[in-house]
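Now for the letters of each chain:
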Amino acid sequence: MAASVREKQTAALKRMLNLNAPLLKNTASEPVWKVLVYDRFGQDIISPLLSVKELRDMGVTLHLLLHSDRDPIPDVPAVYFVMPTEENIDRICQDLRNQLYEAYYLNFISAISRSKLEDIASAALSANAVTQITKVFDQYLNFITLEDDMFILCNQNKESISYHAINKPDIMDTDMEIIMDTIVDSLFCFFVTLGAVPIIRCPRGNAAEMVAVKLDKKLRENLRDARNSLFTGDNMGSGQFSFQRPLFVLVDRNLDLATPLHHTWTYQALIHDVLDFHLNRVNIEEASSTEASPAGARPKKKNKRCYDLTSADKFWQKHKGSPFPEVAESVQEELDTYRAQEDEVKRLKSIMGLEGEDEGAISMLSDNTAKLTSAVSSLPELLEKKRLIDLHTNVATAVLDHIKSRKLDVYFEYEEKLMSKSTLDKSLLDIISDPDAGTPEDKMRLFLIFYITAQMPPSEADVEQYKKALLDAGCDLSPLNYIKQWKAFTKMAAAPANYGNSGVKPMGLFSRVMNTGSQFVMEGVKNLVLKQHNLPVTRILDNLMEIKSNPETDDYRYFDPKMLRGSESSIPRNKNPFQEAIVFVVGGGNYIEYQNLVDYTKARQGKRIFYGCSELFNAGQFLKQLSQLGQK
């Protein structure tokens, strides 16, 4: 099985921290102590992959931001991991002049231009530090891996490549070029790290096509330049893809605007929707204690807790895609087994404390020493388990509070019915005008999904009535203006996306979680279970990966950077289904689509699918972008 992108990117980072020498397994020697200097981009790439402890094990004693005030540390090598931007280069030159470190290992996240290299060289000359610059590397790591099978392009200044930036009506061609080049640069880095030249497919006439054309050109130029090609020889990671190349499907966010607004029901997507969750770290504001503070006292500050949800967390790996009720039950079960183990340890302790007179105790002692030893040796494991249980209890409780206070289960069920065009049990107007159901944002999301998925647009009179109800509920109507234009535009271009017959079926009330003594009070929350269905992105991937003929994808362009002449065709040369595919959404993605692809892959043996997007937003952030577009 080929290594995942996460493993490859982590390995590349470790090699860099090892002063660009390959890691040797068998040496038990001390690592070389060093300083790591990164910019915000570098920080975002490293933080989801390596913990502070792992950095320490690699010999990194200090990690500092490039633009912070750093004191000179004369006898230490410094590893720089930064983007090759003007101000970063200036700052590196300044470090050289100030003779901050003993040796400089300069690693650029993305390829550095010739002119900037010359700037560094001249600064090194004037500072008499040429000998101290030990190595200069282009690392081609300009993307952020969040899961084994998921990556995003950037977290810093992501506004510059956001959905809003690409779809602004007044965008200049030059700005569009810059956005496309930024996206292509990151995708190029992704394929260099993956060590594979993909076959590219994309729809015609939108941003995705522009990215595909540029990426094809960039890969082609790199392959032509035989001496410096990044895809030959040892870079290819000993040809694990030797037999088959991956399929790279580029799609545009405009293909499906309903999914990013959808209320969701799986754990990871819910966390992203209702809590502050980015780069695998979730921040929760804990409600402060409710007792009234004495008059005149300052109100207590809310505590902020932050938790990392990592690949090492088994519970997270197992349940991030499960429906929320299932997660609540599992957390409860984990808690029960943990308590049982804890009680066992306590019981043993009390027996061991008995005095020797008691005949019974002596015979029990010999039997229990073994038990106690095993109990003590499993303590670290127990404590780690306890930490994870506490973490998920807190996170799940925070999510549950949102579900209950905003009636998210009602929204989720209703939207699923809208998207699968099944019969509705109550009118949309009722939910919008119900003051208890959800925030104004929730109502707006629901209405937009209704508007996007409607086969016939509602009549003007109806729209006015809805608008009035939405305004009464306190909604901002500017997203609707944009969606109206978008819908008018896409109606000319294509039929509305089809969401498959999804549907949810309510199960009985929660059995486990309903008993008293549970951490989660789930009264009144529906126990909904998902039926498997494919979202538009997954469906397009399925057509292209399995080479199915479908009017939706037959017109997709086909690029093969390895072919000598770029032939303009949409006729795929490859007749066999692909085993590996990467789907990339230009204009932003979400965990709902990611989860849908993961579920799709689970049902197919031996297939590998990666999901990537230019930025990861939740519905609230996407709505903001739509409203900015609607105010134009």
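Residues numbered from 1 in each chain as written. Predicted model: local features only at pLDDT ≥ 70, side-chain atom pairs only at ≥ 80, totals over all residues. Heavy atoms only, no water.

The chain is annotated in an unreviewed UniProt entry as Sec1 family domain-containing protein 1 of Alosa alosa. In its Sequence similarities (unreviewed entry) section, the UniProt record describing the chain reads: "Belongs to the STXBP/unc-18/SEC1 family." The chain has a UniProt comment under Function (unreviewed entry) that states "Plays a role in SNARE-pin assembly and Golgi-to-ER retrograde transport via its interaction with COG4. Involved in vesicular transport between the endoplasmic reticulum and the Golgi." (UniProt positions renumbered as here; feature names shortened; annotations may be inferred.)

Novice: Talk me through helix H7 (residues 173–194); I want residue IDs and the actual numbers.
Specialist: Taking 1.5 Å of rise per residue, 22 residues should cover 32 Å, and H7 covers 31 Å from first to last C-alpha, within 8% of that figure. Just beyond H7, the residue with positive phi is Gly-195, at close to 75°. (Helix = DSSP H or I, 4+ residues; strand = E, 2+ residues; numbered from the N terminus. Expected span 1.5 Å × (residues − 1).)

Novice: Give a detailed account of the pattern of salt bridges, specifying residues and quantitative values.
Specialist: Scanning the entire structure with this criterion turns up 29 salt bridges. In this structure, Lys-386 and Asp-390 form a salt bridge, with 3.1 Å as the shortest nitrogen-oxygen distance. Of this pair, Lys-386 and Asp-390 both sit in helix H13 (residues 379–406), separated by four residues, roughly a single helical turn. Residues joined in a network through salt bridges with shared partners are Arg-6, Glu-147, Asp-148 and Lys-320. (Salt bridge = Lys/Arg side-chain N within 4 Å of Asp/Glu carboxyl O.)

Novice: Summarise the sheet that holds strand S16 (residues 580–586); cite the residues concerned and give the values.
Specialist: Spatially, seven strands are ordered S6-S7-S17-S16-S9-S8-S15 in an open sheet, and the strand pairing comes out mixed. The sheet is open, and its two borders are formed by strand S6 (144–147) and strand S15 (557–559), each paired with just one other strand. Each strand of the sheet is rotated relative to its neighbour by a mean of 20°, with strand direction disregarded. Two elements, S16 and strand S17 (residues 608–613), share six bridges in a ladder whose sense is parallel. Counted as the bridge partner of Ile-582 is Phe-610 from S17. Across the face of the sheet, helix H1 (residues 5–17) comes into contact with S6 and S17 while running at roughly 135° to S6. In this fold helix H20 (residues 591–602) packs onto S6, strand S7 (150–152), S16 and S17, with an angle of close to 170° to the strand it touches most, S17. (Pairing = 2+ DSSP bridges. Axes fitted to C-alpha atoms, helices over the stretch in contact; angles between N-to-C directions. Contact = heavy atoms within 4.5 Å.)

Novice: Report on the side chain of Asn-222, specifying residues and quantitative values.
Specialist: Structurally, the position occupied by Asn-222 is in helix H8 (residues 207–224). Look at Asn-222 and you get buried, because its relative accessible area is 13%. With sequence-adjacent residues up to four places away left out, Asn-222 is seen in contact with Phe-188, Asn-228, Ser-229, Leu-230 and Phe-231. (Buried < 20%, exposed > 50% of the residue type's maximum accessible area, 1.4 Å probe, protein only.)

Novice: Any chance you could break down unusual backbone geometry for me, citing the residues and the numbers?
Specialist: Of note, the phi angle at Asn-128 is positive, near 60°, even though the residue is not glycine. Looking at where Asn-128 falls in the secondary structure, it is placed in the loop between helix H5 (114–126) and strand S5 (133–138). Phi at Ile-547 is positive, roughly 50°, even though this residue is not glycine. Note on placement: Ile-547 falls in the loop between helix H19 (536–545) and S15. The class for Ile-547 is partly exposed, based on a relative accessible area of 29%.

Novice: Which residues make up helix H9 (residues 267–274), and what values go with them?
Specialist: H9 sits mainly inside the fold: eight of its eight residues count as buried. For H9, the full list of buried residues reads Tyr-267, Gln-268, Ala-269, Leu-270, Ile-271, His-272, Asp-273 and Val-274.

Novice: Would you mind going over the sheet that holds strand S11 (residues 281–286) in detail, with residue names and values included?
Specialist: If you trace the three strands from one edge of the open sheet to the other, you get S10-S11-S12, paired in antiparallel fashion. Two strands in the sheet have a free side with no partner beyond their single neighbour: strand S10 (276–278) and strand S12 (303–308). When the angles between neighbouring strand axes are averaged without regard to direction, this sheet yields 20°.

Novice: If you had to explain the packing of aromatic side chains to someone new, which residues and values would you point to?
Specialist: Within a pair of aromatic rings, the relevant descriptors are the distance that separates the centres and the angle that separates the planes. For the structure shown, the criterion picks out 26 aromatic pairs. Between the aromatic rings of Phe-143 and Phe-151, the centroid separation amounts to 6.1 Å while the plane-to-plane angle is 80°, which identifies the pairing as edge-to-face. Comparing Phe-143 with Phe-151 shows no difference in burial state: the two are buried. With a centroid separation of 5.3 Å and 70° between ring planes, the pair formed by Tyr-163 and Phe-622 is classed as edge-to-face. (Phe/Tyr/Trp six-rings, centres within 6.5 Å; stacked < 30°, edge-to-face > 60°.)

Novice: Please provide a residue-by-residue account of a negative patch on the surface, values included.
Specialist: A cluster of acidic side chains, namely Glu-86, Glu-87, Asp-90 and Asp-119, defines a negative patch on the protein surface. A per-element tally of the negative patch places helix H4 (residues 86–98) first, with three residues. Checked against the element boundaries, Glu-87 lands in helix H4. Accessibility expressed as a relative area gives 48% for Glu-87, which makes it partly exposed. (Patch = residues over 30% accessible without salt bridge, like charges linked within 9 Å, V, L, I, M, F, W, Y side chains within 5 Å. Areas by Shrake-Rupley, 256 points an atom, 1.4 Å probe, with all protein chains shown as cover. Lys, Arg positive; Asp, Glu negative; His and termini not counted. Charge placed at Lys NZ, Arg CZ, Asp CG, Glu CD.)

Novice: Now, about the nonpolar core: what can you tell me, with residues and values included?
Specialist: Membership of the largest hydrophobic core comes to 78 residues, with the highest contact counts inside it found for Leu-36, Phe-81, Ile-271, Leu-275, Val-282, Val-395 and Leu-541. Excluding its chain neighbours within four sequence positions, the residues that come into contact with Leu-541 are Val-249, Ala-581, Val-583, Leu-597, Tyr-600 and Ile-609. Ile-183, Phe-188, Phe-190 and Leu-215 belong to the second-largest nonpolar core, a separate cluster that totals 41 residues. (Core = buried A, V, L, I, M, F, W, Y, C linked by side-chain atoms within 4.5 Å.)

Novice: Tell me what's going on with the pairing of S16, and back it up with residues and numbers.
Specialist: Of all seven residues making up S16, seven are buried, and the element is well covered by its neighbours. Residues Glu-580, Ile-582, Phe-584 and Val-586 of S16 are buried on one face, and the alternating residues Ala-581, Val-583 and Val-585, pointing to the opposite face, are buried as well. Each parallel crossover has a hand, and the one from S16 via H20 to S17 is right-handed. (Right-handed = clockwise from strand over helix to strand, strands pointing away.)

Novice: Break down the side chain of Glu-615 for me, citing the residues and quoting the values.
Specialist: Mapped onto the elements, Glu-615 comes out in the loop between S17 and helix H21 (619–630). The buried charged residue Glu-615 lacks any salt bridge partner; its closest oppositely charged side chain belongs to Lys-158, at an N-O distance of 5.0 Å. Look past the residues within four positions of Glu-615 in its chain and what remains in contact with it is Lys-158, Ser-162, Tyr-163, Gly-588, Gly-589 and Gln-625.

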